Amino acid sequence: MREPILKAVASPPKILWGPFLPTLLNLGLQFPFMFISIAMIDINPLVFVVSIVIVHGLIVLLGTKEPHISSMMQAFGQTRIVSNNLYKEKGNKFAP
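In this report, we go over the structure that sits alongside the text. The residue count restarts for each chain, going from 1 along the sequence in the order it is written. The model is predicted, so local features are restricted to residues of pLDDT at least 70 and side-chain atom pairs to those at 80 or more, both for listing and for counting; the totals for chains, interfaces and linings are taken over all residues. Each side-chain value is worked out from all heavy atoms of the structure, with water and hydrogens disregarded.

Helix and strand definitions follow DSSP, with helices as H or I runs of at least four residues and strands as E runs of at least two, each counted in order from the N terminus. Among the structural elements, N26 can be located in helix α2 (residues 20-41). Not counting chain neighbours up to four residues away, the residues in contact with N26 comprise I52, V55, H56 and I59. We call two residues in contact when some of their heavy atoms are within 4.5 Å.

Here S71 shows up in helix α4 (residues 69-79). Buried residues are those whose accessible area, probed at 1.4 Å on protein chains only, stays under 20% of the maximum for their type, while exposed residues exceed 50% and partly exposed ones sit between those limits. On the basis of relative accessible area, S71 is assigned to the partly exposed category, the value being 41%. Sequence spacing of S71 and P19 is 52 residues, and the spatial spacing of their C-alpha atoms is 9.6 Å.

The subject of this paragraph is the packing of aromatic side chains. Geometry of aromatic contacts follows a simple scheme: Phe, Tyr and Trp rings, the Trp one being its six-membered ring, pair when their centres are within 6.5 Å, and the pair is stacked under 30 degrees between planes, edge-to-face over 60, tilted otherwise. Applying the stated criterion across every chain, the model contains 2 aromatic pairs. Taking 6.3 Å as the distance between ring centres and 15 degrees as the angle between the ring planes, the aromatic pair formed by F31 and F35 counts as stacked. With F31 and F35 both in helix α2 and 4 residues apart, the pair spans about one turn of that helix. Exposure remark for F31: the relative accessible area of 35% places this residue in the partly exposed category. Assessed through its relative accessible area of 53%, F35 is described here as exposed.

Position of V47 among the secondary structure elements: in helix α3 (residues 45-65). Expressed as a C-alpha distance, the spacing of V47 and M34, which sit 13 residues apart in the sequence, is 9.0 Å.

A helix's residues, less one, multiplied by 1.5 Å, set its expected span. Between the first and last C-alpha of α2 there are 31 Å, a value that for 22 residues agrees with the 32 Å anticipated at 1.5 Å per step. Taken together, the buried positions of α2 are occupied by P22, T23, N26, Q30, M34 and S37. What you see down the axis of α2 is that its buried residues fit within an arc of 90 degrees, all on one side. Turned more than 90 degrees away from the buried face of α2 sit L29, F35, A39 and M40, all of them exposed. Looking one or two places after α2, you find D42, whose phi comes out positive at around 60 degrees. Picture the helix axis, draw a direction to every C-beta atom, and the arc is the one those directions span.

The next thing to look at is α3. Taking 1.5 Å of rise per residue, 21 residues should cover 30 Å, and α3 covers 31 Å from first to last C-alpha, within 8% of that figure. Within α3, the full set of buried residues consists of F48, I52, H56, I59 and G63. The buried residues of α3 occupy an angular sector of 70 degrees when the element is viewed end-on, so they sit on one face. Along α3, the residues that are exposed and aim more than 90 degrees away from the buried face are L46, V47, V53, I54, L58, L61, T64 and K65. Next to the buried residues of α3 lie β1 (14-15), β2 (18-19) and α2.

Below, the structure is given as structure tokens:
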């Protein structure tokens, strides 16, 4: 096998020492909430900065325990597809 394939499998992408997808979700949710709260309620932004740093620290710890958490989140999102069952049975059946 070639080295780039092994390197991509062995070390998944990271942003600021955290797994790619959870870090983007953290920043993508907290930054808009911070700006909306500052504009509407006039809250001090340091509260949100501390929150972002604490949650990012937890994400980094989670990423050291399970480095492939981004891939696991993507795989979970693809398996949550609701299928139409042809027969009356409990649960989702992926084959007709």
